[in-house]
Amino acid sequence: MAAVNISGLHSHVGEIVTINGWVVTTRSSGKIAFLVVRDGTGYVQGVLSKKEVPESTWATFAALTQESSVSLTGTVRQEPRSPGGYELGVQAITLRGASPDYPITPKEHGTTFLFEHRHLWLRTRRQAAVARVRHEVVQSIRDFFYERGFVLVDTPILTGAIGEEAGNLFATDYFDLGKAYLAQTGQLYVEAAAAALGKVYCFGPTFRAEKSKTRRHLTEFWMVEPEVAFNDSDANMRLQEEFVSYVVSRTIERRRDDLKELERDTATLERVQPPFPRISYTDAVTRLCELGSDIQWGQDLGGDDETLLAQQYDRPVFVFNYPRQVKAFYMKENPADPRTVLNNDCLAPEGYGEIIGGSQREDDYDKLLARIQEQGLDPEVYRWYLDLRKYGTFVHSGFGLGVERTVAWICGIAHIREAIAFPRQIHRLYP
RNA sequence: UCCCGAGUAGCUCAGCUGGUAGAGCAGGUGACUGUUAAUCACCGGGUCGGGGGUUCGAGUCCCUCCUCGGGAGCCA
C-alpha cells in the first residue's frame, strides 16, 4: 500500500491508508489513546483503542515521544475534533526513528535557545508557515519579472573590491590575486547586463560585514535587483509600486492559511495597491520636524524617522531625491538640484522601514569618475564599470528589495532573523 | 564601537533588608475509553555564567572578565 500525504486524506475517507510523519503530541486515557502526527503537508490525529489493537501496537504507542518518526496505518474518517478535520483509526504503528529528550517542548522558550535549535525549531507550525510565505514571495518575485520580459542574470558572489566601504566586506583569500570579497550587491554587474539585454534582474544572497545588532539586519540576506535600460527615476518608482503590490497581493491570496496561523491582520496588506504616496527628501525633513523629529537637512533618515514618516500613510511610501553626500557614488546627480541625487527609498508601513533602495544611475563618464575619486575608491577597480559610460552610455535605473524585510513585514513578525531558515548574524554561525 | 538589560534544574522563570535552593513544563512511575499544551498522584533532577573581594555566613553586596538579548550608527 502506497503512503499518502496528510493533505490528501480527504480523498481517502473510509479507506485504509499509511501515512509517514513525526509525532507532535501523545495523550492517553488508559484504554484509549491519541497522537497528533505531522508530515509537512498537514496535521492529523490518530486514535487507538486498547481492545482493538494488538498488545505490541499499544506498547509501541506508549514508547512514543515528541518528534519520533512513525508510519501509521489505519482507516480514514471525517472527524471535526481532529486538527485538519480528518482522523485515522490506527491499526498499526511502525516506529521509524526514536526521539529521546527532544529539546523543544510545547511550553515557551527564549529566542536564544530557539535559534540555538533552529534546525529543530523549523518543524513548528509558525516557523513552517513563515517558510511557506517566503517561498511564495520568492516565486512571485520570479514570476513578476518573467511575465514582464525581464532576463535573470546571475551575478558573481566572489568579487574584487566592488561595492562601498571595504570595512563592510567579508574577505577571503583568492589564489595569487590577493583578496576576494563576498558581494554586497549585484547592481553594478546588472547594469552591464542591462546594456546587453534591456530589462534584467539578479536574485541571490548578499553579504555585509556590518556589526549591526538590530531587528532589521542580517550579515547574509537575499536581495532582488532589477535594472532597466532607458527607465528614469520616475519610471523606476512606478515599477517598484507595481512590483511590491503584485508580491503582496499574490502572497496574501495564496498563503491565507499561513498568515492566519501567524495571526497576521491582512487588512493593512490589502491596501497595498498603486500608486504609493511620494514625498521628496526635503519635504520629508520639513514634515518630520513638524512631527517632532530633530533631523536636519543633509542627514540620512534614522530608523525612528522612517517609522514616524511611514505612520503618516496607509500604504508604503516613497521618499525621493536624498542629499548626495549620504548616498552611494553611482546615483545620478539631480539636474534640478545638484545637492541631491535621483534616488528613492520605499518605506513599508507598521514600522518595518526601508524595504527598497533604488536610483537612476549616473550615466555621465566624467561625473561618475569624479564621484569615485571623491569617495577615495580605486578607479582601476571600476574600469569595467566606467566602460559602460564610455561605450554607448544610457539612462538607466533599478532598485534592490530585501527579501527578509519583505517577508517579515508580510508575516508581521518582529525580527527578520525568523524570515530566513538559517539566519547569519554577528553572533550566530550555528546551526 | 557606544548605551541599556539579562545569565539560578533539560526549558521558562521566582528567590524580599545577606541566614543551608523553589514553582510550572519536560523526563520517570501509576490511575483514567474521546483527548485537544488532556487531567490527577508520586519520584528523580542544581559548580546559582567564571574569577576575586567584604562578611561568622553571599544566588543576594562590591570589583573584574565572559556570554547573550534590545537599541544606536550603517543599510535591504
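This structure is a prediction, so every number in the text was calculated from the model and none was measured.

**A look at the overall build of chain A**
Here comes step 1: When its secondary structure is counted, chain A shows 13 helices and 16 strands.
Here comes step 2: In terms of overall dimensions, chain A has a C-alpha envelope of 85 × 55 × 40 Å along the principal axes.
Here comes step 3: The buried share of chain A, reckoned over its 431 residues, is 49%.
Here comes step 4: A separation of at least 24 residues holds for 66% of the contacts in chain A among residues at least 6 apart in sequence.
Here comes step 5: Total accessible area on chain A stands at roughly 20,500 Å², and carbon and sulfur atoms take up 50% of it.
Here comes step 6: Measuring between centres, the 49 positive side-chain charges of chain A sit 6 Å from its 57 negative side-chain charges.

**With respect to the domain arrangement of chain A**
Here comes step 1: The domains assigned to chain A are domain 1 (6-97) and domain 2 (118-152 + 198-204 + 211-419).
Here comes step 2: Counting from both sides, the interface comprises 6 residues of domain 1 and, opposite them, 4 residues of domain 2.
Here comes step 3: With both chains or domains summed, domain 1 and domain 2 bury close to 390 Å², and 38% of this area falls on carbon and sulfur atoms.
Here comes step 4: Among the residues of domain 1 in contact with domain 2, Arg38, Tyr43 and Glu67 are the three that bury the most area, contributing 75% of the side total.
Here comes step 5: In this assembly, domain 1 and domain 2 are joined by 1 salt bridge.
Here comes step 6: The tally of links between domain 1 and domain 2 comes to 1 residue pair in polar contact (both at pLDDT 80 or more).
Here comes step 7: In the side of domain 1 that touches domain 2, the residues fall into 3 nonpolar, 1 polar and 2 charged.

**Brief notes about the nonpolar core**
Here comes step 1: One finds Ile141, Phe243, Val244, Trp409 and Ile410 to be the most contacted residues of the largest nonpolar core, which totals 46 residues.
Here comes step 2: Listed by contribution, the elements that provide at least two residues to this core are α4 (125-147), β10 (199-207), β11 (220-229), α6 (233-254), β14 (343-348), β15 (353-360), β16 (396-402) and α13 (403-411).
Here comes step 3: At 8 residues, the largest contribution of residues to this core is made by α6.
Here comes step 4: Once residues within four sequence positions are removed from consideration, Ile410 is found in contact with Val133, Val137, Val247, Val248, Thr251, Leu259, Arg264 and Leu269.
Here comes step 5: Counting residues in each nonpolar core, the second largest holds 21 residues, with Leu9, Ile19, Leu48 and Leu72 among its members.

**Quick word on the protein's contact with RNA strand B**
Here comes step 1: The environment of RNA strand B is formed by 46 residues, the closest being Glu87, His109, Arg208, Arg215 and Arg405.
Here comes step 2: Considering RNA strand B, the proportion of its atoms within 4 Å of the protein that are sugar or phosphate atoms stands at 48%.
Here comes step 3: Interatomic distance of 3.5 Å between a backbone N/O atom of Ser29 and a phosphate oxygen of RNA strand B.
Here comes step 4: Gly357 has a polar backbone atom sitting 3.4 Å from a sugar or linking oxygen of RNA strand B.
Here comes step 5: At the level of secondary structure, the elements contributing two or more residues to the surface near RNA strand B comprise β1 (16-28), β2 (32-38), α2 (111-116), β11 and β15.
Here comes step 6: Tallying contributions element by element places β15 first for the surface near RNA strand B, with 4 residues.
Here comes step 7: Considered class by class, the residues forming the surface near RNA strand B number 10 nonpolar, 17 polar and 19 charged.

**Quick word on the sheet that holds strand β13 (residues 317-320)**
Here comes step 1: Overall, mixed pairing links the 8 strands, which are arranged β6-β10-β11-β16-β15-β14-β13-β12 in an open sheet. Only two strands of the sheet have a single partner each, and these edge strands are β6 (151-152) and β12 (278-280).
Here comes step 2: Summarising the sheet, β6 and β10 pair through 2 bridges and their orientation is parallel. For Val151, the partnering residue across the bridge sits in β10 and is Val200.
Here comes step 3: On the sheet, helix α10 (residues 303-310) packs against β12, β13, β14 and β15 and is oriented at approximately 75 degrees with respect to β14.

**A closer look at the pairing of strand β5 (residues 86-97)**
Here comes step 1: The pairing of strand β3 (residues 43-49) with β5 spans 3 bridges and is classified as parallel. Considered in β5, the bridge of Gly46 is made with Leu88.
Here comes step 2: Where strand β4 (residues 69-78) meets β5, 10 bridges bridge the pair, whose relative direction is antiparallel. What sits directly across from Gln78, in β5, is Tyr86.

**Things to note about helix α5 (residues 187-197)**
Along an α-helix, residues three or four positions apart point the same way, because every turn accommodates 3.6 residues.
Here comes step 1: Those residues of α5 that sit buried are Gln187, Leu188, Val190, Glu191, Ala193 and Ala194.
Here comes step 2: Buried residues along α5 sit in contact with β10, β11, α12 (383-390) and β16.
Here comes step 3: The positive-phi residue at the C-terminal boundary of α5 is Gly198, with phi of around 85 degrees.

**Examining the packing of aromatic side chains**
Here comes step 1: For the coordinates displayed, the defined rule picks out 20 aromatic pairs.
Here comes step 2: Here Phe243 and Phe399 contribute two aromatic rings whose centre-to-centre distance is 5.8 Å and whose plane-to-plane angle is 50 degrees, an arrangement assigned as tilted. Of this pair, Phe243 sits in helix α6 while Phe399 sits in strand β16; the two residues are 156 residues apart in sequence, bridging distant segments of the chain. Both residues of the pair, Phe243 and Phe399, belong to the buried class.
Here comes step 3: For the ring pair Phe329 and Tyr330, a centre distance of 5.4 Å and an interplane angle of 75 degrees mean the geometry is edge-to-face.

Scoring rules and cut-offs
Residues numbered from 1 in each chain as written. Chains lettered and ligands numbered in written order. Predicted model: local features only at pLDDT ≥ 70, side-chain atom pairs only at ≥ 80, totals over all residues. Heavy atoms only, no water. Helix = DSSP H or I, 4+ residues; strand = E, 2+ residues; numbered from the N terminus. Buried < 20%, exposed > 50% of the residue type's maximum accessible area, 1.4 Å probe, protein only. Contact = heavy atoms within 4.5 Å. Areas by Shrake-Rupley, 256 points an atom, 1.4 Å probe, with all protein chains shown as cover. Lys, Arg positive; Asp, Glu negative; His and termini not counted. Charge placed at Lys NZ, Arg CZ, Asp CG, Glu CD. Domains from an automatic or database assignment. Buried area = accessible area lost by both parts, 1.4 Å probe. Salt bridge = Lys/Arg side-chain N within 4 Å of Asp/Glu carboxyl O. Polar contact = N/O pair within 3.5 Å; in protein donor to acceptor, adjacent residues only side chain to side chain. Nonpolar A, V, L, I, M, F, W, Y, C, P; charged D, E, K, R; others polar. Core = buried A, V, L, I, M, F, W, Y, C linked by side-chain atoms within 4.5 Å. Near = heavy atom within 4 Å. Pairing = 2+ DSSP bridges. Axes fitted to C-alpha atoms, helices over the stretch in contact; angles between N-to-C directions. Phe/Tyr/Trp six-rings, centres within 6.5 Å; stacked < 30°, edge-to-face > 60°.

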